[in-house]
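Analysis of the macromolecular model
The residues making up each chain are set out below.
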Amino acid sequence: MKGIRNGKIILPDGIVEGKVLVFDQTVRGLYSEEEAKTLCDEIYDADGKYVSPGFVDVHIHAYFGKDISNGIEGDVRTISHAILRNGVTSYCPTTMTVSMAEIGQALDVCRALKGESRTWDGAEILGVHAEGPFINKAKKGAQNEAHILPPDASFVLKNQDILSLITIAPEVDGMEEFCKTVKAETDVVLSVGHTCANYDQTKAAIEWGVTHSTHTFNAMVGLLHRDPGTVGAVLSSDKVYCELIADTFHVHPGLYQMLYNLKKDRLVVITDCISAAGMPEGEYSSGGLQFTVKGIECRLPDGTIAGSVLRMNNAVKNILANTDIPLYEVINLLSRNPAASVGATSKGTLETGKDADILLLDGSYEVVSAFRMGEKKF
Ligand SMILES: [Zn+2]
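Residues numbered from 1 in each chain as written. Predicted model: local features only at pLDDT ≥ 70, side-chain atom pairs only at ≥ 80, totals over all residues.

Next up on the list: the domain arrangement of the chain. Partitioning the chain into structural domains gives domain 1 (2-51 + 362-376) and domain 2 (55-347). Domain 1 and domain 2 are separated by 30 Å when their C-alpha centres are compared. Looking at the side of domain 1 that touches domain 2, the elements with two or more residues in it are β2 (8-11), β3 (14-16) and β23 (367-372). Counting residues per element, the side of domain 1 that touches domain 2 draws most heavily on β23, at three residues. (Domains from an automatic or database assignment. Helix = DSSP H or I, 4+ residues; strand = E, 2+ residues; numbered from the N terminus.)

This is how it looks when you write it as structure tokens:
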């Protein structure tokens, strides 16, 4: 077994010092220095750094110019490897609303790599998040309208082995039957997004089985006091996990504290990275659409906001800088909560029995080292 000593160990309910985190492929627990010496073949010195659970990103399309939607094995490998450097140890590769043939190809590639990803030198594939194609053209955002389709539950049924999550618009014709079928016959999580659903329509969708909200506030109906919209419905339900792109641009950081106060263990930080992430400013394309990146902003030619270039660990800094949320709870928003939202019960915390996906973070929340399934990857 291995151990990490001399660190500030971030657990779901607080930070522990003076103990050794002991693990093999899974976390074996916290021990005294004396006990750890007898248990471990190898003990790493964290040198006072934070020992954090790996982050779980349930919504990310691309990185370093490579895109899940391309359906290319090498692209998935590059993305998985790159985001480990930002602290993401497991993730849901996310397809854009591209053609059904292209989505099928992307699913096949992720399906083929999922087993290998369990122990490879990158973030593990938990399952795919399909962002569309059963969404509303009126809230397409940066999704390609040409590929938006009416709901078809057979797509989910036949791909349920690799799908973790699907973003849908509840108000679209046929969606009640779609949601009820998916809920009854699969474990695929239904997420409301790219939608014009009002408060009542969203409440109904939650009754049909929706438990997740895709990039909350973005590409949905906002909250007004006499018309609470999609946002009002997902924020007021204790069943719904709410994604947040915490880059300070997609949602004003003045709302972070309120979102946390409302959602607590159901607030899920995501990056929603597109292909420009990790790249210099300039012109890029994603899902067949052109966009421009300047600073932290990605926009289509008409000014529509596209996905982000957020590094997951920078979300920690953004939330700490704009709220009074304690560090261990911020880490929960990036690890425990997203893992729970997609049923990845072996991920998300450093509690005994969980997979040993571990980060060492310095005082600026930069990722110094990452362990995947107990193996040090850098
Ligand atoms: Zn997205």
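What follows deals with the environment of Ala315. Mapped onto the elements of the fold, Ala315 is located in helix α9 (residues 312-322). Expressed as a C-alpha distance, the spacing of Ala315 and Thr248, which sit 67 residues apart in the sequence, is 8.7 Å. When sequence neighbours within four positions are dropped, the list of residues in contact with Ala315 reads Ala246, Val269, Leu310 and Leu334. (Contact = placed C-beta atoms within 7 Å.)

Most often, soluble globular proteins keep nonpolar side chains buried together rather than apart. If you look at the biggest cluster of nonpolar residues, it comprises 115 residues, and the most contacted ones within it are Leu21, Val51, Ile83, Tyr91, Cys242, Leu244 and Val268. Leave out the neighbours within four places in its chain, and Val268 touches Val58, Tyr241, Cys242, Glu243, Leu244, Leu333, Asn337, Pro338 and Ser341. (Core = buried A, V, L, I, M, F, W, Y, C linked by C-beta atoms within 7 Å. Buried ≥ 20, exposed ≤ 12 C-beta atoms within 10 Å, placed from the backbone.)

Right, let's talk about the sheet that holds strand β1 (residues 2-5) for a bit. Pairing within the open sheet is mixed, and its four strands lie in the order β5-β4-β1-β6. Because the sheet does not close on itself, it has two edges, and the strands there are β5 (27-31) and β6 (42-45). Neighbour-to-neighbour, the strand axes of the sheet open up by a mean angle of 20°, direction not taken into account. Inspection of the sheet shows strand β4 (residues 20-23) paired to β5 by four bridges, in the antiparallel sense. Each residue of the ladder has a partner; that of Leu21, found in β5, is Leu30. (Pairing = 2+ DSSP bridges. Axes fitted to C-alpha atoms, helices over the stretch in contact; angles between N-to-C directions.)

Its location among the elements puts Thr349 in the loop between α11 (336-341) and β22 (358-361). When the 23 C-beta atoms within 10 Å are taken as the criterion, Thr349 is described as buried. C-alpha separation for the pair Thr349 and Leu327, spaced 22 residues apart in sequence, amounts to 14 Å. Aside from chain neighbours lying at most four places away, what touches Thr349 is Leu11, Pro12, Pro53, Ser335, Arg336 and Lys354.

Let us look at unusual backbone geometry. A cis amide bond links Gly132 to the next residue, Pro133, at an omega of 15°. Looking at the element boundaries, Pro133 is found in the loop between β13 (128-131) and α4 (153-158). In this structure, His215 is a non-glycine residue whose phi angle is positive, near 25°. Within the secondary structure, His215 is located in the loop between β16 (210-213) and α7 (229-236). Residue class for His215 comes out buried when judged on the 25 C-beta atoms lying within 10 Å of it. Look at Phe217: it is not a glycine, yet its phi comes out positive at around 90°.

Taking strand neighbours across the sheet as the criterion, the six strands line up as β3-β2-β7-β22-β23-β24 in an open arrangement whose pairing is mixed. In the strand order of this sheet, the two ends are held by β3 and β24 (375-376), each with one partner. Here β2 runs beside strand β7 (residues 50-53); their pairing, made up of two bridges, is parallel. Within β7, the position partnered with Ile9 by the bridge is Val51.

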